[in-house]
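What follows is each chain in one-letter form.
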Amino acid sequence: MRSTQIRSTFLDFFTSRGHRHVPSSPLIPSDPTLLLANAGMNQFKPYFLGEVTPEYPRATTIQKCARTSDIDNVGRTNRHATFFEMMGNFSFGDYFKADAIAYAWELLTQGYNLDKDRLWITVYEDDDEAEQLWRKIGVPADRIQRLGMEDNYWSMGVPGPCGPCSEVNYDRGPAFGREGGPAVDGERYVEIWNLVFMQFQRGEGDKKGGFPILGDLAQQSIDTGLGLDRLAAILQDVENVCSTDLLSPTLSTVQELAGRDYPGSGPFGEEKVSFQVVTEHARSIAYLIADGVLPAKDGRGYVLRRLMRRAIRHARLLGIDQPVLAPATASVIANLGDVWPELVDQASLIEQVVTAEEESFTRTLSQGTRLLNAAITRSRDGRSNTLTGDTAFELHDTYGFPVELTIEVARDAGLSVDEDRFTTLLAEQQKRAKAGGKAKAAEALRRQDAYRELSSRHGRTDFTGYDRLDSEASVLGLISDGTLVPGADQGSTLELVLDRSPFYAESGGQVGDTGAIRTSSGALLEVLDTRLGLEGFHVHTVRVREGEIRTGEQAEALVDGPRRDAVARSHSATHVLHAMLRRTLGDHARQHGSLVDAGRLRFDFAHFSAVDRTQLAAIETLVNDHLLDDPEVRIWQATRSEAEAAGATALFGEKYGDHVRIVDIGDFSRELCGGTHVGHGSNAGPVRILDEASIGSNLRRIEALTGRDALTYYDTERRLLEELSTLLGTRPQDAPDTLRKRLDALTNAQLELARLRDAELRTRAQQLAATARTVPGGQIVTEKIPGLGPDELRMLATNTADLLNGDRAVVVLCTEHGGKALLAAAITRSLHDTGTHASQILSPAARTVGGGAGGKGPVASAGGRRPEALDEALTIAGQDAARVLGQ
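Per-chain numbering applies: the sequence of each chain, read as written, is numbered from 1 onward. Only residues with pLDDT of 70 or above have their local features reported here, since the model is predicted, and side-chain atom pairs are shown and tallied only from 80 upward, although totals for entire chains, interfaces and linings are computed over all residues. The side-chain quantities take in all heavy atoms of the structure and omit both hydrogens and water.

Trainee: Any details on the sheet that holds strand 24 (residues 600-606)? Residues and values, ideally.
Mentor: When DSSP finds two or more bridges between two strands, those strands count as paired. The secondary structure listing takes helices from DSSP runs of H or I that are at least 4 residues long and strands from runs of E that are at least 2 residues long, numbered from the N terminus. Strand order in the open sheet formed by four strands is 23-24-29-28, with antiparallel pairing between adjacent strands. Each edge of the sheet is formed by a strand with only one pairing partner; in this case those strands are strand 23 (591-597) and strand 28 (687-696). Neighbour to neighbour, the strand axes of the sheet diverge by 15 degrees on average, direction disregarded. Pairing analysis gives seven bridges linking strand 24 to strand 29 (residues 699-706), with the strands arranged antiparallel. Bridge pairing in strand 29 links F605 to R700. Only heavy atoms matter for contacts: two residues are in contact if any of them lie within 4.5 Å across the pair. Geometry is summarised by axes, namely lines fitted to C-alpha atoms with helices restricted to the contacting stretch, and by angles between N-to-C directions that run from 0 to 180 degrees. Contacting strand 23, strand 24, strand 28 and strand 29, helix 16 (residues 561-585) runs over the sheet at an angle of about 30 degrees to strand 24. Each of strand 28 and strand 29 touches helix 17 (residues 613-628); the most contacted strand, strand 28, lies at about 135 degrees to it.

Trainee: Quick one: what's the story with unusual backbone geometry, residue by residue and with numbers?
Mentor: In this model, G685 is joined to P686 through a cis peptide bond whose omega is -5 degrees. In this fold, P686 is placed in the loop between strand 27 (669-672) and strand 28. Despite not being glycine, R383 shows a phi value in the positive range, around 55 degrees. You can see R383 is positioned in the loop between helix 12 (347-381) and strand 10 (386-387).

Trainee: I'd like a description of the nonpolar core, backed by residues and values.
Mentor: In these notes, a set of buried Ala, Val, Leu, Ile, Met, Phe, Trp, Tyr and Cys residues joined through side-chain atoms within 4.5 Å is what counts as a nonpolar core. The rule is simple: take the accessible area with a 1.4 Å probe, protein chains only, and divide by the maximum for that residue type; under 20% is buried, over 50% is exposed, in between is partly exposed. In this structure, Y112, W134, I192 and W193 are the most contacted members of the largest nonpolar core, which totals 105 residues. If we ignore the near neighbours within four places in the chain, the residues touching W193 are F10, F14, N89, A104, L107, L108, S166, E167, V168, T224, G225 and L226. L577, F603, V611 and V687 belong to the second largest nonpolar core, which has 28 residues in total.

Trainee: Let's hear about the packing of aromatic side chains: which residues, and what values?
Mentor: Side-chain rings of Phe, Tyr and Trp (the six-membered ring for Trp) are treated as a pair once their centres are within 6.5 Å; stacked means planes under 30 degrees apart, edge-to-face means over 60, and tilted covers the remaining angles. Counted by the stated rule, this structure contains 26 aromatic pairs. For the pair F10 and W193, a centre-to-centre distance of 5.9 Å together with 50 degrees between the ring planes defines the contact as tilted. Of the two residues, F10 is situated in helix 1 (residues 3-15) and W193 in strand 8 (residues 189-202); the sequence distance between them amounts to 183 residues. Neither residue differs from the other here; F10 and W193 are each classed as buried. Taken together, the ring pairs in this structure connect F10, F13, F14, Y95, Y103 and W193 into an aromatic cluster. For a Lys NZ or an Arg CZ to count as sitting over a ring, it must be within 6 Å of the ring centre and within 35 degrees of the ring normal. The ring of F13 has R17 lying over it, and the distance from NZ or CZ to the ring centre is 3.6 Å. Taking NZ or CZ as reference, R661 lies 3.9 Å from the ring centre of Y466, over its face.

Trainee: Mind laying out the packing of helix 10 (residues 325-336) against helix 12, listing which residues take part and the relevant values?
Mentor: Put simply, helix 10 and helix 12 touch, their axes get as near as 9 Å, and they point 155 degrees apart. Taken together, the axis directions place helix 10 and helix 12 in an arrangement best described as roughly antiparallel. In terms of crossing hand, the pair formed by helix 10 and helix 12 is right-handed. Facing L325, A326, T329 and I333 of helix 10, the residues of helix 12 in contact are A347, I350, V354, T355 and E358. Polar here means any residue other than Ala, Val, Leu, Ile, Met, Phe, Trp, Tyr, Cys and Pro, which are nonpolar, and Asp, Glu, Lys and Arg, which are charged; Gly is therefore polar. Among the residues forming the contact of helix 10 with helix 12, the class breakdown is six nonpolar, two polar and one charged. Throughout, the term roughly parallel applies to angles under 35 degrees, roughly antiparallel to angles over 145, roughly perpendicular to angles from 65 to 115, and oblique to all others. Throughout, a crossing is termed right-handed when the near helix is turned clockwise from the far one, and left-handed when it is turned anticlockwise from it by less than a right angle.

Trainee: Which residues make up a nonpolar patch on the surface, and what values do they have?
Mentor: A cluster of nonpolar side chains, namely L721, L724, L739, L743 and L746, defines an oily patch on the protein surface of about 370 Å² accessible area. Of all the secondary structure elements, the ones that give two or more residues to the nonpolar patch are helix 19 (707-728) and helix 20 (735-770). For the nonpolar patch, the element with the highest residue contribution is helix 20, accounting for three residues. Structurally, L724 is set in helix 19. Like charges within 9 Å and nonpolar side chains (Val, Leu, Ile, Met, Phe, Trp, Tyr) within 5 Å are joined into patches, using only residues over 30% in relative accessible area that form no salt bridge. Under the convention used here, a 1.4 Å probe and the Shrake-Rupley method define accessible areas, while residue burial counts only the protein chains that appear. Salt bridge, as applied in this entry: a Lys or Arg side-chain nitrogen positioned within 4 Å of an Asp or Glu carboxyl oxygen.

Trainee: Could you give me a rundown of helix 14 (residues 403-412), with the residues and numbers involved?
Mentor: Along helix 14, the residues classified as buried are V403, L405, T406, E408 and A410. Among the residues trailing helix 14, G414 stands out with phi positive, at a value near 85 degrees.

Trainee: Go over helix 7 (residues 248-258), please, and point to the residues and values.
Mentor: Among the residues of helix 7, those classed as buried are T250, L251, T253, V254, Q255, L257 and A258. On its buried face, helix 7 is in contact with helix 8 (270-290) and helix 10. One or two positions beyond helix 7, positive phi appears at G259, with a value near 70 degrees.

See below:
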């Protein structure tokens, strides 16, 4: 059964049983506690927690998932992968254990025709109910095993929903391992379907992996995950996912590049591991980039970079010296693009990102190899058989050189690596990184608990701000330092929740509204910011300016209208800028973040080189031309599928519901957007682009001004040009040419002065050389020269020594410059060839003036704080020069 049929069989089974088919969410989750989407239930977390009422009681998905916790096992087992498609069915307070178990058994044994006698079940150690349900359905007791929390209790690894689970495992036969069931051998008895019985909410975990149960969820729910990779390997009767139709075309590409065949089934030798790593990681890389992840030094970008570098390293181990990521990811796109169209849509972006990263890492490998070879030489010279952990950590941390490669190269050189020290240093670095975030995380969790409590009592905030800027409201809650409080006095700064609010909450890049709130008791509150505490739940940061505020009061809320208007201008301008960037640079120049503020905007987008001033000017002109045409800004709503069919652009990393809000600007921009906008394009302009710069690998940022702020900037530029024209004595339009001519004249004058100065220094050098005094072993020149800078003093010493090159000679000169002592020394080539360095002669004199000598070879310089000691220093230098020459 091919993977397309496996997917359709799953979806048809559950949709025919009342489940809503929900599309996969992006790999960049909206949940701030997650780095990447790692389970099918991620997008349903608010439903499980009771924060949001689901639009349907049952759902089914095929979710893109990325997990790198087992990255080192990829290629070394048949079941581990860093990317996989998780087929799932979900119940939100509808059915529970009995139906979930019955559905799984029916689909596996009838839909996929798996042999019942090869299916083994595990249940949580004290879940008697689950065991009885499996036995009732026909599974014999000797094929049901009880396991502990590590194996049969599920959570996302962070605070949130959790519960006991039951896993369905398939016996792949004696060729895959020992008898005894999944408790004995996970390779032979491979887990294919996990049924999670969501009952509880967990807290923060401890160092040992344990976590407290905070209480029951509002309703019992079901979350299941059936791995497409593993099921495909079973149904297609192959060893692992690399040999299924999901990845076999990519494996073939890697074989062609390597010029050799994949070892196939059998033991996991290093060659086989490398084939599987390159093949499997290519898929992960393609999907991550398609969903908006770009290589970076931390966060999800570092996950991608690690995958890419690991794939490149294993390609090199296979003898592939040519680029591997571009052809490998291209095969992923060709094979899976029909199912996941975002791969095709972002094919150009994927190719350019992997090509740039592979070129960069190839240079890193070259540099790291040189540094590593130098460290190996030092170890051998020191008669050590061990490369220090500090060296391995520096290569890893500073140069991005994989520690695995360090170990391998050292082993080939007959050395071991102090891995314990490396592990210690890495742990210390991670500990430092975590420590800074723990206090903030604790307060954030308290805040979330307070938000959930208020949300469960009162529901979502009624946002009225699209239609009006004022509203009557009730004060539902006050939160200080993450804790609900009954009231607050004048001068306090805290968070406030209203039942309805005209204040836009920060989202989609748009800043939150500010303004004022006046309560029925007369208290006046300044609204400093508005943001979303939970989905659809507005939280206002306020300062009590007058009186006292108490929960339950009636209030009148008023948005700062001029600021809101300025923000709306920036937001509409951002949409137009996005459209013009894609038109000018290519479709890959998609938004990767933004800041929409009053009078200014910041826009991040994918691109692979700097946008030059000519291009920026052209883009700015296009933006303003389109705004001046005064296109209508039309806002409408539709289902997400209708919006996508209409060509609406969805932004990377943004979470959208089934019903979405679309903003059209003329006929050139259509985006899913929940922000505020102007009514017509001309209200948004003008736009003035200030700067464009890199903010990361393949990521650029434009900053711009809008509306009145742009006009103010234009006016400032105009006044500066007028002032400059007045100083130059010319018209504004002639100022650039006039200034250019003046600068050319100044440059020529400076060159002539430098030429005259060089001639003067050469003449002075001839005069100094003529004063050289002869001492045993050579000649010496020592002189105090007034009016020279450090470069001129050094040049004069060098020129003088060059004139004395027929003999062993030393030149030491000094001067006072800017209230400091300067010295310079130069020796002839014949003296330097004996192993003498100029700094050896100059160092004692440098200490006399309170400094030190620097420089290697035949020239040295020094500076100090005691110019009054220059004569003494010069005498000392002459004595040291005579001593060296006389040796």
